[in-house]
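Structural features, examined
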Amino acid sequence: MSDVLGLVVEVKPPLQAHFRIPYNSLLLDSYPFPPRTTAIGMVAGGAMGGLPEEGFRKLLNELKYGVVVEDPGARVEETAAIFKNASAPIYPITKVLFHRPHYRMFFAGDDKLIEKAYDALLDPVFAPPTLGTARAYSTQQRGSG
């Protein structure tokens, strides 16, 4: 049996977070915390340089995840009128966002995988990982131990 190592990631988006619940189209509702696929995708896609679908699915099976909502932030609803074309009706869509939340995410897995994730989060290959929208960038800070 291989060693299991853990990684704790403090996530404080400078603006907001949105984790879409995909069951309807006129209310873009949000989970109050990063779902498993978002958190692991942040590590895999934003930090590790991206993975093909098969690699991501494998990572979902290999990496354990937990989250604590340290501060849910303020729940904000943003409504916009959507214009498709001149002959289509204009209708409002409401989007739920969380302003300045704070999450503590926990990852556990094979020691090599966790070390790779740690290194990748400190020096992402792509732009900083996002938390649901282009306005919800996360920032990286080196921990003290």
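Each chain carries its own residue numbering, running from 1 in the direction its sequence is written. Only residues with pLDDT of at least 70 get local features here, since the model is predicted, and only at 80 or more are side-chain atom pairs given and counted; chain-wide, interface and lining totals rely on the full set of residues. Computation of side-chain values covers all heavy atoms of the structure but excludes hydrogens and water.

Here we come to the pairing of strand β6 (residues 91-99). Only strands that DSSP links by at least two bridges are regarded as paired with each other. Each helix corresponds to a stretch of at least 4 residues labelled H or I by DSSP, and each strand to a stretch of at least 2 residues labelled E; elements are numbered beginning at the N terminus. Across 2 bridges, the pairing between strand β2 (residues 16-17) and β6 is antiparallel. Across the sheet, residue Gln-16 finds its bridge partner in β6, namely His-99. Where strand β3 (residues 27-28) lies against β6, 2 bridges are found, and the strand directions are parallel. Across the sheet, Leu-27 pairs through a bridge with Thr-94, a residue of β6.

Mapped onto the elements of the fold, Phe-98 is located in strand β6. Through-space distance from the C-alpha of Phe-98 to that of Val-76 is 6.0 Å; in sequence the pair is 22 residues apart. Every residue pair with non-hydrogen atoms within 4.5 Å of one another is taken to be in contact. Sequence-distant contacts of Phe-98, that is, excluding residues within four places in its chain, are made with Leu-15, Gln-16, Ala-17, Ser-30, Tyr-31, Pro-32, Pro-72, Ala-74, Arg-75 and Tyr-103.

With that settled, the discussion passes to helix α3 (residues 111-122). Take the number of residues in a helix, subtract one, and multiply by 1.5 Å to get its expected span. Its 12 residues place the ends of α3 17 Å apart at the C-alpha level, agreeing with the 16 Å of an ideal helix rising 1.5 Å per residue. Buried means the residue's accessible area, taken with a 1.4 Å probe over protein chains only, is under 20% of the maximum for its type, while exposed means over 50%, and partly exposed covers the values in between. Those residues of α3 lying buried are Leu-113, Ile-114, Ala-117, Ala-120 and Leu-121. Along the long axis of α3, the arc covered by the buried residues comes to 130 degrees, so they all point the same way. Among the exposed residues of α3, those oriented more than 90 degrees off its buried face are Lys-112 and Lys-116. Throughout this description, a polar contact denotes any pair of N or O atoms lying within 3.5 Å of each other; where both atoms belong to protein, one of them has to be capable of donating a hydrogen while the other can accept it, and for residues adjacent in sequence the pair is counted only when both atoms sit in side chains. Of the residues flanking the start of α3, the one acting as N-cap is Asp-110, its side-chain oxygen 3.0 Å from the backbone nitrogen of Lys-112. Note that the arc is defined by the directions from the helix axis to the C-beta atoms.

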